[in-house]
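The chain contents come next:
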2 protein chains.
Amino acid sequence: MSASFDEILEQVSQIPTKKLSVAAAQDLPVMEAVKEAYDRKIAVPILTGDEAKIREIASQIGWDLDACGIRVINEPDVEQAALAAVKLVHDGEADMYMKGLLESKTFLRSVLNKEVGLRTGKMLSHVCVFQIKGIDRLLFLTDVAFLPYPTLEDKEQIINYVVKVCNACGVQNPKVAPLAAVEVVNPKMPVTVEADQLTKWNEEGRIKGCIVDGPLSMDLAIDPEAAKHKAGAQNRRIVGDADVLLFPDIHAGNLVYKTIVRMTEFKNGCILMGTKAPAILTSRSDSKETKINSIALAAVVAHHLNGQGF
Amino acid sequence: MSASFDEILEQVSQIPTKKLSVAAAQDLPVMEAVKEAYDRKIAVPILTGDEAKIREIASQIGWDLDACGIRVINEPDVEQAALAAVKLVHDGEADMYMKGLLESKTFLRSVLNKEVGLRTGKMLSHVCVFQIKGIDRLLFLTDVAFLPYPTLEDKEQIINYVVKVCNACGVQNPKVAPLAAVEVVNPKMPVTVEADQLTKWNEEGRIKGCIVDGPLSMDLAIDPEAAKHKAGAQNRRIVGDADVLLFPDIHAGNLVYKTIVRMTEFKNGCILMGTKAPAILTSRSDSKETKINSIALAAVVAHHLNGQGF
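Residues numbered from 1 in each chain as written. Chains lettered and ligands numbered in written order. Predicted model: local features only at pLDDT ≥ 70, side-chain atom pairs only at ≥ 80, totals over all residues. Heavy atoms only, no water.

Chemist: Quick one: what's the story with the overall build of chain A, residue by residue and with numbers?
Modeler: Across its full length, chain A holds 11 helices and 11 strands. For 310 residues, the compact-globule formula gives about 19 Å, and the C-alpha radius of gyration of chain A, at 20 Å, lands near that figure. Referenced to the eigenvectors of the C-alpha coordinate spread, the extents of chain A come out at roughly 65 × 40 × 30 Å. The buried share of chain A, reckoned over its 310 residues, is 60%. When the accessible area of chain A is evaluated, it comes to approximately 12,000 Å², of which 48% is carbon and sulfur surface. One finds the centroid of the 35 positive side-chain charges in chain A at a distance of 2 Å from the centroid of its 40 negative side-chain charges. (Helix = DSSP H or I, 4+ residues; strand = E, 2+ residues; numbered from the N terminus. Rg over C-alpha atoms; globule rule 2.2 N^0.38 Å. Buried < 20%, exposed > 50% of the residue type's maximum accessible area, 1.4 Å probe, protein only. Areas by Shrake-Rupley, 256 points an atom, 1.4 Å probe, with all protein chains shown as cover. Lys, Arg positive; Asp, Glu negative; His and termini not counted. Charge placed at Lys NZ, Arg CZ, Asp CG, Glu CD.)

Chemist: Let's hear about the pairing of strand E4 (residues 96-99) of chain B: which residues, and what values?
Modeler: All names here are of chain B. Where burial is concerned, the two faces of E4 agree: the one with Met96 and Met98 and the one with Tyr97 and Lys99 are both buried. Strand direction decides the pairing type here: strand E1 (residues 18-23) and E4, joined by four bridges, are parallel. When the bridges of E4 are listed, Leu20 appears paired with Met96. Where E4 lies against strand E11 (residues 279-280), two bridges are found, and the strand directions are parallel. Bridge pairing links Met98 to Ile280 in E11. (Pairing = 2+ DSSP bridges.)

Chemist: I'd like to hear about the packing of aromatic side chains, residue by residue, with values.
Modeler: Residues and elements named next belong to chain B. In total, this model carries 10 aromatic pairs over all chains according to the counting rule given. Consider the rings of Tyr38 and Trp63, whose centres lie 5.9 Å apart with planes at 40 degrees: the pair is tilted. Separated by 25 residues along the polypeptide, Tyr38 in helix H2 (residues 28-39) and Trp63 in the loop between helix H3 (51-60) and strand E3 (71-74) bring together distant segments of the chain. Classification of Trp63 as buried rests on a relative accessible area of 4%. (Phe/Tyr/Trp six-rings, centres within 6.5 Å; stacked < 30°, edge-to-face > 60°.)

Chemist: Describe the interface of chain B and chain A, and please don't skip the residues or the numbers.
Modeler: Much of the literature gives interface size as the accessible area that the parts lose upon coming together. Taken together, the 34 residues of chain B in the interface contact 34 residues of chain A. With both chains or domains summed, chain B and chain A bury close to 2,800 Å², and 72% of this area falls on carbon and sulfur atoms. Summed over the three residues of chain B that lose the most area to chain A, namely Leu255, Arg262 and Met263 of chain B, the buried surface amounts to 26% of that side. Summed over the shared surface of chain B and chain A, the result is two salt bridges. (Contact = heavy atoms within 4.5 Å. Buried area = accessible area lost by both parts, 1.4 Å probe. Salt bridge = Lys/Arg side-chain N within 4 Å of Asp/Glu carboxyl O.)

Chemist: If you had to explain the relation of the copies chain B and chain A to someone new, which residues and values would you point to?
Modeler: For these two chains of identical sequence, chain B goes onto chain A by a turn of 180 degrees and a shift of 0.0 Å along the axis, with RMSD 0.0 Å. Such a combination of rotation and displacement between the chain copies is what one expects of a two-fold axis. The rotation axis passes nearest to the C-alpha of Ala252 of chain B in chain B, at a distance of 1.9 Å. Comparing contact sets, 100% of the residues at the interface of chain B also lie at the interface in chain A, consistent with an isologous, same-surface contact. (Least-squares fit on C-alpha atoms with pLDDT ≥ 70 in both.)

Chemist: Describe in detail the state of the cysteines, supporting the description with residues and values.
Modeler: Residue and element names in this part refer to chain B. Here the structure, examined in full by the defined rule, presents two disulfides over all chains. Of the cysteine sulfurs around Cys166, a residue in no disulfide, the closest is that of Cys169, at 7.0 Å. The exposure class assigned to Cys166 is buried, which follows from its relative accessible area of 0%. (Disulfide = S-S within 2.5 Å.)

Chemist: So what's going on with the pairing of strand E3 (residues 71-74) of chain A? Residues and values would help.
Modeler: All names here are of chain A. With four bridges joining them, strand E2 (residues 43-49) and E3 adopt parallel strand pairing. Directly across from Thr48, in E3, lies its bridge partner Ile73. You can see the chain leave E2, run along helix H3 (residues 51-60) and come back into E3, and the turn it takes is right-handed. (Right-handed = clockwise from strand over helix to strand, strands pointing away.)

Chemist: Help me get a handle on the environment of Val144 of chain B, residues and values and all.
Modeler: Residues and elements named next belong to chain B. As for its position among the elements, Val144 is in the loop between strand E6 (139-142) and helix H6 (152-168). Between the alpha carbons of Val144 and His251 there is a distance of 7.6 Å; along the sequence they are 107 residues apart. Beyond its immediate sequence surroundings of up to four residues, Val144 is in contact with His126, Cys128, Phe247, Ile250, Gly253, Asn254 and Tyr257.

Chemist: Can you tell me about helix H4 (residues 78-90) of chain B, naming the residues and giving the values?
Modeler: Residues and elements named next belong to chain B. Taking 1.5 Å per residue as the helical rise, H4 with its 13 residues ought to reach 18 Å, and the 18 Å between its terminal C-alpha atoms agrees with that figure. Regarding H4, the residues found buried are Ala81, Ala82, Ala85, Val86, Leu88 and Val89. Seen along its axis, H4 keeps its buried residues to an arc of 145 degrees; they face one direction. Contacts made by the buried residues of H4 are with E1, strand E2 (43-49), E3, E4 and helix H5 (104-112). (Expected span 1.5 Å × (residues − 1). Arc of directions from axis to C-beta.)

Chemist: Mind laying out the packing of H4 of chain B against H5 of chain B, listing which residues take part and the relevant values?
Modeler: Residue and element names in this part refer to chain B. Remark: H4 packs on H5, axes separated minimally by 9 Å, with the N-to-C direction vectors making an angle of 40 degrees. With respect to each other, H4 and H5 are oriented oblique. Note that H4 runs across H5; the crossing there is right-handed. Within the contact between the two elements, H4 uses Glu79, Ala82, Leu83 and Val86 and H5 uses Thr106, Arg109, Ser110 and Val111. Among the residues forming the contact of H4 with H5, the class breakdown is four nonpolar, two polar and two charged. (Axes fitted to C-alpha atoms, helices over the stretch in contact; angles between N-to-C directions. Parallel < 35°, antiparallel > 145°, perpendicular 65-115°, else oblique. Left-handed = near helix turned anticlockwise from the far one by under 90°. Nonpolar A, V, L, I, M, F, W, Y, C, P; charged D, E, K, R; others polar.)

Chemist: Outline the environment of Asp143 of chain B, listing residues and values.
Modeler: Residues and elements named next belong to chain B. Here Asp143 shows up in the loop between E6 and H6. According to the relative accessible area criterion, Asp143 is buried, its value standing at 2%. For the pair Asp143 and Thr192, spaced 49 residues apart in sequence, the C-alpha to C-alpha distance is 17 Å. Not counting residues within four places of it along the chain, the set of residues in contact with Asp143 comprises Ser125, His126, Phe247, Asp249, Ile250 and Gly253. A distance of 2.9 Å separates the side chain of Asp143 from the backbone nitrogen of Ala145, its partner in a polar contact. At a separation of 3.1 Å, a polar atom in the side chain of Asp143 contacts the main-chain amide nitrogen of Leu147. (Polar contact = N/O pair within 3.5 Å; in protein donor to acceptor, adjacent residues only side chain to side chain.)

Chemist: Account for the pattern of salt bridges, naming residues and giving values.
Modeler: All names here are of chain A. This structure, assessed with the given rule, holds 44 salt bridges over all chains. The partner of Glu79 in a salt bridge is Arg109, with the nearest N and O atoms 3.1 Å apart. Taken together, the residues span a long stretch of sequence, with Glu79 in helix H4 (residues 78-90) and Arg109 in helix H5 (residues 104-111) at a distance of 30 residues. Residue Glu79 is classed as partly exposed on the basis of its relative accessible area, which comes to 35%. When the shortest N-O distance is used, the salt bridge between Lys228 and Glu225 registers 3.0 Å. Of this pair, Lys228 and Glu225 both sit in helix H9 (residues 224-229), three residues apart, roughly one helical turn. Here Lys228 falls in the exposed class, since its relative accessible area comes to 58%. For Glu225, a relative accessible area of 45% translates into the label partly exposed. One salt-bridge network, in which partners are shared between bridges, spans Asp6, Lys267 and Glu289.

Chemist: Could you give an account of the confidence of the model for chain A, naming the residues involved and the relevant values?
Modeler: Of the residues in chain A, 99% reach a pLDDT of 70 or more, and the chain-wide mean stands at 95. For this predicted complex, the interface confidence score (ipTM) comes to 0.95, while the overall pTM stands at 0.96. (pLDDT = per-residue confidence, 0-100.)

Okay, here's the thing in structure tokens:
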């Protein structure tokens, strides 16, 4: 079981090196992260975009692309660069897909492209994996960045996706906590009714490979001490030991996500789920380490999916 | 300006000592907190409840109630104890009201009692004040515990309340951030439309005594570094320096609240707002320090309200 990103990086070193296709790679922070991922044997990149700029940045950071045998595909138009990059993954020439210097919506349009994209016909969702000081295991947060208001069925799908990500990280039969402000079902709070339904679907065997127990408040989900002292805790299957935090909507998810980023010591990495192969939708505010962790996460997930997609 | 609970405690020492009425005080953790608040001259309590048990706990913690001139009102029935305790505040014999060993709903029923309660005819809401390691000012979080789904008008009222709490803590013209996952208005996300309306009402002078700027994501609200690098940040009135975090609903608020409690080094104190006098709705999971901080917060707010209520 991976309790840390060090262990995910260790896992990566034990699988065949994955190929990473980068859309519009002409961006210093992206190139720095990709170079370090390459140096640490996490992934071998294929860089699409403005070749002159890519080579200029490479030389700036002391990366001899030719000596390293790094393929560069010249496509100055970002939209075309994205399509060229995503096609490499679509065609099986690369194992995962990463955003460079282009807008998120352009990147996502390439992911969803019918001819060369990574569509599976199912919805997309996002997972962010956190290692947080004081917590002895990885936490899988979803959805904190992509899907605004997931329906009950969307949440079922999100769970199916995130179970695969957990498994890829070595977490078997993860504990999934559908979160809310309270831990009792209240018809006036639809989120609690949905959490209860997801729990029932898990008990009935419709949602497999995990233990779902909700609604849960954050303390019952992640704080064993608090959970122990709460009435009714002895009847729950999650007692402060959740692996997956399933958020009611993007507002709750994103606000918690950014609270962790601003207020704690953490490492994290994030990927898109629901695609044929993992896609990395980094943000400019992500640190280099977060980008490298995201590549490593994508690599273990790509290995686990074995070309089958989510 | 109070940047810490130490400064709130310093403020308390400079105002006339407030009287704290405690409902069903026969609870060891509550008595310990109330004793320390008394020892530190934060408040003089009046204890209602099961007198024998109260005196037993007092002797257990070495508190000579008679020598200290502490009034005890014997009322073994918790509902009656709550009504007796809240009446003291209603009648002006005490300045603030605190929950002891009784259910929250019983406590709230006493707050809302038409004859002896603390109703103002306006809605109630909750504010939690946080001092968090790495953040150089107090953060006022609302509503994380009481109001499930505040309407636009409720949010306006919440802002009016919390401005008074800020002022009581020495924070003039607080910066109020109506939070969301994003910082742009999106008609598909009603929370962002409401945040925009609150901002307009502030600009038009309908919401006074503060600077409202929303919708804001958590990083734009509290992280000056992140805010500086975000496009459009130069046009905002809040750039990582928000005092008040106004949450979309109780799920987002409570999940962030408990994330902070579980994952950071913090001090906090919380009170109910919208009442004739501050009410302290502590939870069993609150630490002694949180209870004492809540009493201190209630004292400075009671002093600021000067008997006029919210």
